[in-house]
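Structural description and commentary
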Amino acid sequence: MKFNSLVKQINAVQKTLQATAEHAINMSLTIRNWLIGYYIVEFEQNGEDRAKYGEKLLQKLEEKLKTKGMIKQRFREIRQFYFAYPQIENEIRRTVSGELNFTIRRTLSAESYGTPAKQLLRKLPYSHLLLISSIDNSLKLNFYEMESINGNWSFRELERQIN
């Protein structure tokens, strides 16, 4: 093997595996945030002591968790993300529910809703999904999902298109 071939091989391995790691991290972040949204909504709807926290639930979570980035506004966004993407439930059940050893009660119709979860999780980073989840019109939401996927839009391009 020549030196230039060695450089090309190492570069190819590094780029490929770094992209794989980035994708895995993003998918985990997306699933984590969906699950946090699920748990917040589940508590709001069925929690035994929900009346105790009421409107201050998100603030109380921030204070109690003391985790970097887990602030009231983030919890609000995560809850919105959960409502916008019920279909992610199916992918979570299929891929990670056994590893995490938890159960999800079906609270939303996740059967055939918008873009399939598998496609969303593989093609769009969480930042894109969060931005798109702020759209309250389901047709527009689906449009921006597909355009982001098909056009391989950056976050800035998506943001320009939405605004």
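Going by the structure above, here's the rest.
Report on the accompanying structure. These figures come from a predicted structure and were not determined experimentally. (Residues numbered from 1 in each chain as written. Predicted model: local features only at pLDDT ≥ 70, side-chain atom pairs only at ≥ 80, totals over all residues. Heavy atoms only, no water.)

The secondary structure content of the protein amounts to 10 helices and 0 strands. The linear arrangement of helices and strands in the protein, starting from the amino end, is α-α-α-α-α-α-α-α-α-α. Of all 163 residues assigned to the protein, the portion counted as buried reaches 32%. In the protein, of all internal contacts separated by at least 6 residues, the share reaching a separation of at least 24 is 65%. Approximately 10,800 Å² of the protein is accessible, and the part contributed by carbon and sulfur atoms is 52%. (Helix = DSSP H or I, 4+ residues; strand = E, 2+ residues; numbered from the N terminus. Buried < 20%, exposed > 50% of the residue type's maximum accessible area, 1.4 Å probe, protein only. Contact = heavy atoms within 4.5 Å. Areas by Shrake-Rupley, 256 points an atom, 1.4 Å probe, with all protein chains shown as cover.)

Within the fold, T30 resides in helix 1 (residues 3-46). Among residues more than four places away in sequence, those in contact with T30 are F81, I88, L121, Y126 and L129.

So, on to the pattern of salt bridges. Taken as a whole, this structure holds 4 salt bridges when the rule is applied. Its salt-bridge partner being E89, residue R93 comes within 3.0 Å of it at the nearest N-O pair. In this pair, R93 and E89 both sit in helix 5 (residues 88-95), 4 residues apart, roughly one turn of the helix. A residue is classified by how much of its surface remains accessible, and R93, at 31% relative accessible area, is partly exposed. In this structure, R160 and E157 form a salt bridge, with 2.8 Å as the shortest nitrogen-oxygen distance. A residue pair is termed a helical-turn pair when its members lie 3 or 4 positions apart in one helix, as R160 and E157 do in helix 10 (residues 155-162) at 3 residues. (Salt bridge = Lys/Arg side-chain N within 4 Å of Asp/Glu carboxyl O.)

Despite not being glycine, K66 shows a phi value in the positive range, around 50°. Residue K66 is classed as exposed on the basis of its relative accessible area, which comes to 71%. Positive phi is not limited to glycine here, since N152 has a value of about 50°. With respect to the helices and strands, the residue N152 is situated in the loop between helix 9 (138-151) and helix 10. On the accessibility criterion, N152 (67% relative accessible area) is exposed.

All of the buried residues in helix 5 are I88, E89, E91 and I92. Angular distribution of buried residues about the axis of helix 5 spans 165°; they occupy a single face of the element. (Arc of directions from axis to C-beta.)

So, about the packing of helix 1 against helix 5. The angle between the axes and the distance between the axes are what describe a pair of packed helices. Contact geometry for helix 1 and helix 5: axes closest at 11 Å, N-to-C directions at 115°. Taken together, the axes of helix 1 and helix 5 lie roughly perpendicular to each other. Read as a crossing pair, helix 1 and helix 5 show a hand that is left-handed. Residue-level contacts link T30, I31, W34 and L35 of helix 1 to I88, E89 and I92 of helix 5. The class makeup of the residues in the contact of helix 1 with helix 5 is 5 nonpolar, 1 polar and 1 charged. (Axes fitted to C-alpha atoms, helices over the stretch in contact; angles between N-to-C directions. Parallel < 35°, antiparallel > 145°, perpendicular 65-115°, else oblique. Left-handed = near helix turned anticlockwise from the far one by under 90°. Nonpolar A, V, L, I, M, F, W, Y, C, P; charged D, E, K, R; others polar.)

This brings us to the nonpolar core. Of all hydrophobic cores here, the largest spans 33 residues; its most connected members are W34, F81, Y85, I88, I92 and I132. Mapped onto this core, the elements with two or more residues apiece are helix 1, helix 3 (57-65), helix 4 (72-84), helix 5, helix 7 (117-123), helix 8 (126-133) and helix 9. Residue contributions to this core peak at 6 residues, all from helix 1. (Core = buried A, V, L, I, M, F, W, Y, C linked by side-chain atoms within 4.5 Å.)

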